[in-house]
Amino acid sequence: MNRLNRRTFIKTGIGAGGVVVFGAAIRRGDRAASVKSLVASDNESLFDIWLKISPDNTVTAIIPHSEMGQGVHTSLAMMLADELDADWSSVTVQEAPAISEYANYALARGYTIGDTEFPAWLIDSVNGFYFQATRMIGVQQTGGSLSVRTTGQIAMRTIGAAARGVLLQAAADEMQVPVEDLVAQNSVITHPATARTATYAQLAPAAAKKTIPDKPTLKDSSELRVMGTSPQRLDVPAKVDGSAKYGIDAALPNMKYAAIRGAPVIGAKVQSVDESSIQDMPGIRKVISLGDAVAVVADGYWQAHQAIGRLEIEFSGGANDRNQTGIFEQFSTDLDRSAAANNVKIDFVAGNASRAMAKAATTVTAEYRVPFLAHATMEPMNCTAWVHDGKCELWLGTQDPLGFARKTARAIGFDSDDVIVHNQYLGGGFGRRSLSDYAEQAAQIAAQVHYPVKLIWSREEDTRHDHYRQACISRFRGGLDGDGEAIAWHNHYVNKHDPWKATRIPYAIGNQRIVHTVSRTPVPWGIWRSVDHSLHAFFTESFIDEMAVATGRDSYQYRRDLLAGAPRFTAVLDLAARKAGWDEPLPKYFGRGISIHKSFGTIVAQVAEVEVRDGNPRVHRVVCAVDAGFAIHPDGLIAQMESGIAYGLTAALHGEISIRQGAVEQSNFHDYPMLRMNEAPAIETFIINSGESLGGAGEPGTPPIAPAVTNAIFDATGIRIRELPIRKNNLRSEQHHDEL
Amino acid sequence: MLRLNINGTLHDIDVDPETPLLWVIRDYAGLTGTKYGCGMALCGACTVHLDGAPIRSCVTPASAAVGRTITTIEGINKGRDGLHPVQQAWIDEQVPQCGYCQSGQIMSAAALLEHNVAPTDTEIDTAMAGNICSCGTYPRIRKGIKRAALTINALADDAVSDE
């Protein structure tokens, strides 16, 4: 394989001539020494801070990311093992401690080297000197579908290659032969001419004393042995026998339990607590007001849960005059006013959309709405905290251990260094576990007692005190010329969050104007799987479908024509359409819909087959094509597409958080329904390894599914869905009326 | 004091008899593979077997389990050489993602296969519709159940031919 191909594979564009320069990953200095006591025992050899080799020849990758089912522990270890030429069967992982050495400088580095579509929290953190800034800010985030394409590409592969280099040097010293005559394979170095061998473990103590190269050459794609294969995930065995430990499973001597009730009205405060209402209940230790919530600490969780339910608490204030309809009316009014006053914020402009629109032979308009959404992780928020000896220890699942340490420290008046985070498996993340409210509460409770406390939110608390995916209204106007060609695209919506390119379309429409207006609500919002892409893909891929309909053309061919200058998009779209059998006839009551969207560097197209009978939609089949550049773990990428589709389908079919008198109306899975087995479609995923820059995996499967399904419903019924969830729409079709 | 038989071990537990079995299993017996998800029998994360039948332990008073046999994920392979066929199928199909719901999924699937060794898709839907997976591993759960069914049938055939 030649160098050109390698550069294509690594396309982060660093260095020249195929030699990849990663000065940031392998820094000089003694940081390995400073962290060694935390991550390695005396007889283990540590290479930089990412890799250790044990006397039994086990290779351990030290992973600075949370495992929440996306398989990151496995895929990052694969990247390290491949470059190291390690024996995969003796590779293991260890999650990095929450210390600043493991902050996300690799993420920051990824941004500064010009990769696209990094989220705002990252961009904010890397202004100025990326490493110093990130280190000071102390982010150790797992999110933005970034782990493989930043930590993996930059830290894991580099240290694997660098350690392989010094192991070879150590072998050359030991055997008194030139390095070029040695072969590294399966954690053993061989000198074929003399049939001598040495294991990595035998060589590691000497190798670790050498200066590791800061410009190791990475493998080209023809040399890969582990990347691009699908070994079984390292975390799966513990997840089938009940031994996997999540935050909620923490157990400490003398631990007590806390249940909590937050102010139901957003922004309300605790006015009074009548402890006499629970004084006869057994096992109660303490009632603690946290200002906007009250906790009961008891010997057992059930006792605490019962007591918090009976405790008389008076809350006051907050946004108790806010209702769901009022929030959407505000969005609508703010859109009207800002459009009339031309007081909008510009996302993107190309050509002159207004002038083109004025010349258009036909204009198409539509307004779409989506509601707030909860994350609904299966493991409710929880944290075990123990304040002792001037330290605060936390056991929990978090997507940002270092950030949680900092924020929790601030909440209880500690130094960040005195908060120790023990991260566990996450029973779902989806962005929710990036926000530290539950950890801060647990620490505040534990600071008032002399024993460890496990705080568990009830499902009701979890549903009502989420940081929701934002609700939104988005308006479109499209212009078609006399030949039906799209000449203008105008989009105006409320409340831009993140990533900033989420509203962009891949289509060659010369005149575009994409703008937004800020219309604040008191409802707390947060990062929700694929963030702004989750709503804007529904809007843009619905509207392009409406434009296709207006021209009377096939929605796949219409997209294809507008993607003529974008071969990567075309390839993904074509693959999905072909595998779905786009032109094949469907049974009565069935429809087919297509969508394509790029997010987090990955292009995904989906074709949904939906049956609508008696007004009830049933998604039978989804065909998904994905180009993430190169699939490090193809089965893992497939699993993430399946997961992203299910998560997006839950939202499209069912998901709605609504506000009534300032409070969230929903509470549990009966009124916040989730996709279940009997609704789950068959999913077929097909991968394109284009060799372009690596894209993410965890999020890009989610955005295209809602429009694929609603476009299919249109195909089946002639009913255009402009408001999610789908269940709010009457799907009793006129189109098939005579057939019923 | 309640005497509970969990995975073949007797536990004498001093707890309010109305306490849901879930919290007794987790916090008093120390078996944390069984999970809390909703507290209202809506999600299935807390599924265990009571005398072999799947129940939602989050709404079952501990007193209702006295004198009966409780099996949790930690005990489902008891008496077997290695994993239960459903557990093995879950590894072979790489079913779990976050994994939090999977103990409940496995307990529901194992109970289904206990009385139906060749479930149809509709029967799988019915048996598994009470177990939510927010990671959306449903297609792999379905494959896992079918794979485990084949294993169970093959084991049964072996047992017959051994006789």
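Source: prediction; values computed, not measured. (Residues numbered from 1 in each chain as written. Chains lettered and ligands numbered in written order. Predicted model: local features only at pLDDT ≥ 70, side-chain atom pairs only at ≥ 80, totals over all residues.)

**Student:** Just give me the short version of the interface of chain B and chain A, but keep the residues and values in it.
**Tutor:** Counting from both sides, the interface comprises 42 residues of chain B and, opposite them, 47 residues of chain A. For the side of chain B that touches chain A, the elements supplying multiple residues, two or more each, are helix 1 (21-28), helix 2 (85-92), helix 3 (102-115), helix 4 (121-128) and helix 5 (138-162) of chain B. Its residues assigned to classes, the side of chain B that touches chain A comprises 24 nonpolar, 15 polar and 3 charged. (Contact = placed C-beta atoms within 7 Å. Helix = DSSP H or I, 4+ residues; strand = E, 2+ residues; numbered from the N terminus. Nonpolar A, V, L, I, M, F, W, Y, C, P; charged D, E, K, R; others polar.)

**Student:** Outline the sheet that holds strand 27 (residues 682-688) of chain A, supporting the account with residue identities and numerical values.
**Tutor:** All names here are of chain A. Here we have 4 strands laid out as an open sheet, ordered 22-23-24-27, and mixed in their pairing. Bordering the open sheet on either side are strand 22 (590-599) and strand 27, each of which pairs with just one other strand. In this sheet, adjacent strand axes meet at a mean angle of 20 degrees when their direction is disregarded. Where strand 24 (residues 616-627) and strand 27 come together, 7 bridges link them in parallel fashion. Note on strand 27: the bridge partner recorded for R621 is A682. (Pairing = 2+ DSSP bridges. Axes fitted to C-alpha atoms, helices over the stretch in contact; angles between N-to-C directions.)

**Student:** Please provide a residue-by-residue account of the domain arrangement of chain A, values included.
**Tutor:** All names here are of chain A. Domain annotation for chain A reports domain 1 (3-240), domain 2 (247-318 + 381-456) and domain 3 (472-739). Taken together, the 26 residues of domain 1 in the interface contact 26 residues of domain 3. Listing elements by their share of the side of domain 1 that touches domain 3, those giving two or more residues are helix 1 (3-9), helix 3 (72-84) and helix 7 (148-175). (Domains from an automatic or database assignment.)

**Student:** How would you explain the sheet that holds strand 4 (residues 53-56) of chain B if you had to name every residue and give the values?
**Tutor:** Residues and elements named next belong to chain B. If you walk across this open sheet you meet the 5 strands as 2-1-5-3-4, and the pairing is mixed. Unpaired on one side and paired on the other, strand 2 (9-13) and strand 4 mark the two borders of the sheet. Neighbour-to-neighbour, the strand axes of the sheet open up by a mean angle of 40 degrees, direction not taken into account. The pairing of strand 1 (residues 2-6) with strand 2 spans 5 bridges and is classified as antiparallel. Paired with R3 across the bridge in strand 2 is D12. With respect to the sheet, helix 3 is in contact with strand 3 (47-50) and strand 4, its orientation differing from that of strand 3 by roughly 40 degrees.

**Student:** Can you tell me about the pairing of strand 3 of chain B, naming the residues and giving the values?
**Tutor:** Residue and element names in this part refer to chain B. Of the pairings in the sheet, the one linking strand 3 to strand 4 comprises 4 bridges and is antiparallel in character. Counted as the bridge partner of H49 is P54 from strand 4. From the end of strand 3 to the start of strand 4, which pair antiparallel, there are 2 residues, and D51 there has a positive phi angle of about 50 degrees. Strand direction decides the pairing type here: strand 3 and strand 5 (residues 69-71), joined by 2 bridges, are antiparallel. By the bridge assignment, L50 is partnered in strand 5 with I70.

**Student:** Hey, could you go over the domain arrangement of chain B for me, with residue numbers and the actual values?
**Tutor:** Residues and elements named next belong to chain B. Under the domain assignment used here, chain B contains domain 1 (2-75) and domain 2 (85-162). Using only C-alpha atoms to locate each centre, domain 1 and domain 2 end up separated by 21 Å. With 15 residues of domain 1 at the contact, the number on the domain 2 side is 12 residues. Secondary structure elements with two or more residues in the side of domain 1 that touches domain 2: strand 3 and strand 4. The biggest single contributor to the side of domain 1 that touches domain 2 is strand 3, with 3 residues. Here the residues of the side of domain 1 that touches domain 2 are counted per class, giving 7 nonpolar, 7 polar and 1 charged.

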